[in-house]
Structure formats: C-alpha cells, structure tokens
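Per-entry structural report
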Amino acid sequence: MREKYSNYENLLKELKDIFTTTQYISEEEWNRLVRKHKKVNGATPSKNEILDYIKKQKGEVNKGLIEHIQMKPTRSISGVIPITIFTKPYKCSGNCIFCPKSTKAPKSYLPEEPGIQRAIYFKYDPYQQVQGRINALKAIGHDTNKVELIISGGTWDDYDLNYRIWYVTEVFRSLNNQPSKKFNPKNNYTNNESLKELTELHKKNETALLRNVGISIETRPDKINKESIKWYRRFGITKVQVGIQSLDEKLLKLNNREHSLTQIYQALGLLRLAGLKIHIHWMCNLYGSNVQKDHKDFRKLFLNKNIKPDEIKIYPCSILEGTFLNQLFRQGKYHPYDTETLTELLIKCKGHIPRYCRINRLIRDIPSNLIIEGNKVTNLRQKIQGIMKKRNLKCQCIRCREIKNKRDENLSLRTTRYKTSVSKEFFLEFVNPQDQIAGFLRLSIYTKQKALLSDTFAMIRELHVYGKSLNFEKKSQLSSQHVGLGTKLLQEAEKIVKKKKLDKISVIAAVGTRGYYVKRGYSTKDSYGYLIKDLNNVSKEK
Ligand code: SF4
Ligand SMILES: [Zn+2]
C-alpha cells in the first residue's frame, strides 16, 4: 500500500494536526488534502485506502484518527447523511456572465469538480449515484439509514417534466432497493400511473431501511410559482436552493441575471408559505460591485423582510474559462478581490449572521487550477475561523454552534422571533451554557393568508436534532437524538400556536419522517405530503 503514495506520511501528519485542534474537517479541506497528497499514479487516495493504510501500520493503530475519518463530521454530524447527486448536463434558461458551460456537466458546474466526477462515473444515472454514495459511505462505517438528498445541477425547473418525474422516481426506487427502470423518452411520466407509482414508492420509504429525511433542488427565482411548488411537494422536496446572488437591481442586470428583485421577493415568499426551507446562494465580488456594496448587500439579506433565509451559501465570484466575465477580465474591466480583501469581507459578513441561519458554504469547491483569477485558497473557511478565534470574534450561525456528538443534559430553550413579509417566525433552539445548539425548530405563523398548500396558518418548516446519525431504534450516550428533544420542541411550537388562538398546525415532513409525526398526533390529509395536527383534539396522540 505504501508505495502507491508519493507523500503519505505528510498526509497523515496533516490529518493528525487537524484533528488535534478540531473535531471538524470540511468537505473543501478534505478535498484539498487528498488532492495535495496524490498517489504515485496521480489519482487522489480514497477514504478506504487511507483507512486501510492506517489500520495496516504496525503498532500505530490510531483509533481516534480512524474514528474521526470514518465519521467525517461534515457528513453525519447533523444527524443525517447528506448525499449529493447531479442531474444530467443540460442548458439553463439563464445566461449569467460568471457561469461556466460545459457539455459534460450540468450548467454552472465543471466536469473536473469532485462531485461531478462521481456523477460522470455513474453516467448521471440517479439510481446508480444514490447506490454508489450509500455503498461508499457504508464502507467507511457510516450508518446510512437517514438520507438527505441534495439534487444539484443547473436549474431544476428547466429540465423536462418527464425527466424530473423519472429522476425522483428512480431516487426512491434506489432508496427502497427496488429495481431500476431506464428513462423512456416515449413515455408520458405525467400520467396518473407514473404519479401513482411515485406515491407508492414514497409510502414504502416511510418504513424503508434507507429513509429519506429531506430533498433539496436548485433553481432560479423566476422559475418559482405556485405550480412549480406543487410539483416540488409531489416529489417530496423539502428545501429549495435559490440563486439570488444580489439584492442590487443594477448588479443583477450587469451580471445578466435576467430576473428582477421583485421576482426574488415573490419566490421566497411563496416558498415560505409552502413551508419549504429557504436556502439562498449569494455572491460577492460580482461585476460592478465593490467591498462596501457587498457588505451592505449582505446586511440587507437579514434586514429585508422579503429575504431572511434559513440557510446560505456564499460564493465569491471567480473567473472561469468560457465565461463572459473572463472576457471582461481580459479587457481590464473586472478584477477579483485579493485573498486578504475577501477574507476581511467574509469575516465582516459572518458577524451579521443571525442565530437562525446556517452558513452551508463560504466558498465554492472548485479545484484551484480551474480558477483563472479569484480565490484559490480552498480551505479559506478554516483560515477565517482561525483568524476570528484569534480576534475573539464569533459567528453565531447554526453550523458554527452545532453540538456535534456531545451529549449535554444542561440545555435550555431559547426563542428568536423575527418578521418576514408573510409570517412571524419562531426559531426555537435548545442550547447548552456554551451556546451550542442541540436541536432546533422553525415555526412560521402566517400573517396574511393560510399556508399555500395546507389548510392552516401555522407551519413547522424544520425540526432538527443533532448527533451522529444513528439507527432509528439505537440509542447512544454520544448523541442528543432520541432523548425527546424533538418532542419537546414540537410541544413548544404547539404551545405558541395555541396562544395565538389557532387550532391547527401543519408540518412539512420529508417522506421518511412522516411516521415520526404520526406518532405525535399528526396525520396526512392532503396529496402534498403535509401532516396536520388538530390542537383541540390531543387524544389522537399515541
Ligand atoms: S441561473 Fe444559475 S445555472 Fe443558470 S446561467 Fe445563471 S448561474 Fe448558471
Ligand atoms: Zn458560522
């Protein structure tokens, strides 16, 4: 094994260094490490190979290190296993000046990106991609029975509806371990038979071994309307990633976004009314922007009642081959910030993040050799964390406060209230004395109308309890899951709703979590997968 690596001891040394100071290694950092320490044949070592190597080392079996690598905290620390799969290469109705195009990858992605490489290996087949990721995660010791699916690639709503229906159906066939069926271009998948099959697959997944606890897709604001949301819910989607990029109408135009600010507001309002989790993509360093404008724009994300996202990915703009931005760069009309400027801007931005928001990414995971100009530091997030620590600054986003695998009995409930254009929001969280978060719940009380597709004014949009992903019945000293935190959060939300003199509450449940809510007195009454509890009739509770 040893001769396969060019610089193996150094990889191990770097890993040990990281794990002596933190329990946490980000996806970007992991990719940076394996790319830096390639095998002699030029390939990046797989996690299995690294684990095999460590285990084979005589007299030096580092159990702690193995455990850390197996856990890969960014994958399972949140209590579920996120699996990213991609849709096939396809065009997008937008034509943003910074967006790369390739015939080998879906719009906005590059074939060389690690995730896309995996998708290419499976020929973008959804069934195979799910199986492939599950098998890989199982092989390195994960419990994979709670699966969050992140469907990535271009603009979901631009794909043909037949393809989208087939794609999601295949995903559930894969999770349920039922045989795959190839896409048939002659089929009309919108017919009742195909949709009935999808409903049955969902039903089966409620009790399957690999349960789906969430699905997200990526789309543009101008593609979101009542009709598209109905489809999201038929598919079982619980979160929508919306590229908004900026709140500056001029910048949207300059960067050829081809949608307005009003369309952003309308889209996010509708998503909130449907109980969907709102995950925005925001960019700094767009063409025409500067550090002051970016800082102001970022602040507005949490001051403007039309935005206030649940999650955010921050993508500093960088120059990629084949983009119009590259032409502007060559003409001297655009230049990306240097690393120091970008670092200081991101530190300032982190200071504005409210408790209810989670920063899912701070930079995009693009191999630095593909970036013509722009940030090439792949572990910038960690560097920023280090600087903030030295300066005694804290980011209070959800991700930075997750309790990880610690069990803490000394928890107290904290409620953050905020208003949006369509609702009063209640962010309930159980925190320990260090302000680490063991579980949280998002409750929307709609102020102008009932939920978009459910007959209530109150909606639980998310319930999340942290801890290493565990088997459904398995209890662990390590984890804060299954100790009733979820139930407690639900009860608190129900109390708030009753106080508002409302008698019903809905929850947007992923297919595989429906059973959890049924046990707590909720039941399905509609075809869009919401569960409702009648708060005047608590005798239903089992
Ligand atoms: S909307 Fe997204 S995928 Fe489409 S061109 Fe713009 S950045 Fe690329
Ligand atoms: Zn943070």
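The rules we used
- Residues numbered from 1 in each chain as written.
- Chains lettered and ligands numbered in written order.
- Predicted model: local features only at pLDDT ≥ 70, side-chain atom pairs only at ≥ 80, totals over all residues.
- Heavy atoms only, no water.
- Helix = DSSP H or I, 4+ residues; strand = E, 2+ residues; numbered from the N terminus.
- Buried < 20%, exposed > 50% of the residue type's maximum accessible area, 1.4 Å probe, protein only.
- Contact = heavy atoms within 4.5 Å.
- Areas by Shrake-Rupley, 256 points an atom, 1.4 Å probe, with all protein chains shown as cover.
- Patch = residues over 30% accessible without salt bridge, like charges linked within 9 Å, V, L, I, M, F, W, Y side chains within 5 Å.
- Salt bridge = Lys/Arg side-chain N within 4 Å of Asp/Glu carboxyl O.
- Lys, Arg positive; Asp, Glu negative; His and termini not counted.
- Charge placed at Lys NZ, Arg CZ, Asp CG, Glu CD.
- Near = heavy atom within 4 Å.
- Nonpolar A, V, L, I, M, F, W, Y, C, P; charged D, E, K, R; others polar.
- Pairing = 2+ DSSP bridges.
- Axes fitted to C-alpha atoms, helices over the stretch in contact; angles between N-to-C directions.
- Core = buried A, V, L, I, M, F, W, Y, C linked by side-chain atoms within 4.5 Å.
- Parallel < 35°, antiparallel > 145°, perpendicular 65-115°, else oblique.
- Left-handed = near helix turned anticlockwise from the far one by under 90°.
- Phe/Tyr/Trp six-rings, centres within 6.5 Å; stacked < 30°, edge-to-face > 60°.
- Disulfide = S-S within 2.5 Å.

**Quick word on the overall build of the protein chain**
Counting its regular elements, the protein chain contains 19 helices and 16 strands. The buried share among the 542 residues of the protein chain stands at 60%. Taking all contacts inside the protein chain whose residues are at least 6 apart in sequence as the whole, residues at least 24 apart take part in 70%. For the protein chain, the exposed surface amounts to about 23200 Å²; the carbon and sulfur share of it is 50%.

**Quick look at a positive patch on the surface**
Residues Arg417, Lys419, Lys424, Lys499 and Lys500 make up a contiguous surface patch of positive charge. Topologically, lysine 500 is positioned in the loop between α18 (485-499) and β14 (504-508). With relative accessibility at 37%, the residue lysine 500 sits in the partly exposed group.

**Details of the site of ligand 1**
By nearness alone, every residue bordering ligand 1 is listed as Cys92, Gly94, Asn95, Cys96, Phe98, Cys99, Lys107, Ser108, Thr155, Arg220 and Arg257. Class assignment for the residues of the shell around ligand 1 results in 4 nonpolar, 4 polar and 3 charged.

**Some points on the environment of arginine 299**
Turning to its location among the elements, arginine 299 is positioned in helix α13 (residues 291-303). Between the C-alpha atom of arginine 299 and that of isoleucine 353, which follows or precedes it by 54 residues, the distance is 8.4 Å.

**Things to note about the side chain of serine 454**
Along the chain, the position of serine 454 falls in the loop between β12 (437-446) and β13 (458-465). Ignoring sequence-local partners within four residues, the contact set of serine 454 consists of Met459, Ser506, Asp526, Tyr530 and Ile532.

**So, the sheet that holds strand β6 (residues 311-316)**
Taken together, 7 strands build an open sheet; the order of strands is β1-β2-β3-β4-β5-β6-β8 and the sheet is parallel. Two strands lie at the open edges of the sheet, namely β1 (81-86) and β8 (358-361), each paired on one side alone. Recorded for the sheet is a direction-independent mean angle of 25° between the axes of neighbouring strands. Here 4 bridges tie strand β3 (residues 211-219) to strand β4 (residues 239-245), and the two strands are oriented parallel to one another. Looking across to β4, one finds that serine 216 is bridged to lysine 239.

**Concerning unusual backbone geometry**
Phi at glutamate 258 takes a positive value of approximately 60°, unusual for a residue other than glycine. Counting through the fold element by element, glutamate 258 comes out in the loop between α11 (249-254) and α12 (261-273). The phi angle at asparagine 392 is positive, at roughly 65°, despite the residue not being glycine. Assignment of secondary structure puts asparagine 392 in the loop between α16 (380-390) and α17 (398-401).

**Here's the deal with the sheet that holds β14**
Read from one edge to the other, the open sheet built from 7 strands follows the order β10-β11-β12-β13-β14-β16-β15, with strand pairing classed as mixed. The outermost strands of the open sheet, each flanked by one partner alone, are β10 (412-419) and β15 (523-524). Across the sheet, α18 lies against β10, β11 (423-431), β12, β13, β14 and β16 (530-534), angled at about 25° from β12, the strand it touches most.

**Examining the nonpolar core**
Among soluble globular proteins, nonpolar side chains are generally buried collectively. Core analysis: the biggest nonpolar cluster contains 117 residues, and Tyr232, Leu271, Leu301, Ile312 and Leu443 have the highest contact counts within it. Excluding its chain neighbours within four sequence positions, the residues that come into contact with leucine 271 are Ile224, Ile229, Tyr232, Val240, Val242, Leu276 and Ile278. Judged by nonpolar contacts, the second largest core, of 14 residues, contains Phe98, Leu286, Tyr287 and Cys317.

**Considerations on the environment of leucine 198**
Its location among the elements puts leucine 198 in helix α9 (residues 192-205). Take leucine 198: its relative accessible area is 2%, and that puts it in the buried class. A C-alpha to C-alpha distance of 9.0 Å links leucine 198 and arginine 173, two positions 25 residues apart in sequence. Apart from the residues lying within four places of it in its own chain, the contact partners of leucine 198 are Val168, Thr169, Phe172, Arg234 and Phe235.

**A few points about the packing of α13 against helix α15 (residues 339-350)**
Packing of α13 against α15 leaves a shortest axis separation of 10 Å and a crossing angle of 20°. Relative to α15, the element α13 lies roughly parallel. Crossing geometry of α13 relative to α15 is assigned as right-handed. Contacts between α13 and α15 involve Val291, Asp294, His295 and Phe298 from the first element and Thr341, Leu345, Lys348 and Cys349 from the second. For the contact of α13 with α15, the class distribution of residues is 4 nonpolar, 2 polar and 2 charged.

**Observations concerning the packing of aromatic side chains**
Counting across every chain of the model gives 21 aromatic pairs. With a centroid separation of 5.6 Å and 50° between ring planes, the pair formed by tyrosine 163 and tyrosine 167 is classed as tilted. A residue pair is termed a helical-turn pair when its members lie 3 or 4 positions apart in one helix, as tyrosine 163 and tyrosine 167 do in helix α8 (residues 161-175) at 4 residues. When sorted by exposure, tyrosine 163 lands in the same class as tyrosine 167, which is buried. Of the aromatic side chains, those joined through ring pairs into one cluster are Tyr90, Trp156, Tyr159, Tyr163, Trp166, Tyr167, Phe183, Tyr189, Trp231 and Phe235.

**Notes on the pairing of β12**
Regular strands show a simple pattern: their side chains alternate between the two faces of the sheet. Burial of β12 is extensive: 10 of the 10 residues sit out of reach of the surface. Pairing geometry for β11 and β12, over 9 bridges, is antiparallel. Residue pairing across strands places lysine 424 opposite isoleucine 445, the latter belonging to β12. What sits between the antiparallel neighbours β11 and β12 is a turn of 5 residues, in which aspartate 435 has the positive phi angle 70°.

**Some remarks on the state of the cysteines**
Applying the stated criterion across every chain yields a total of 0 disulfides. In this structure cysteine 357 is a free cysteine whose sulfur lies 7.1 Å from that of cysteine 397, the closest cysteine sulfur available.

**Re the side chain of asparagine 176**
Note on placement: asparagine 176 falls in the loop between α8 and α9. Its relative accessible area of 12% is what places asparagine 176 among the buried residues. Excluding anything up to four places from it in sequence, asparagine 176 contacts Leu201, Lys204, Asn205 and Ala208.

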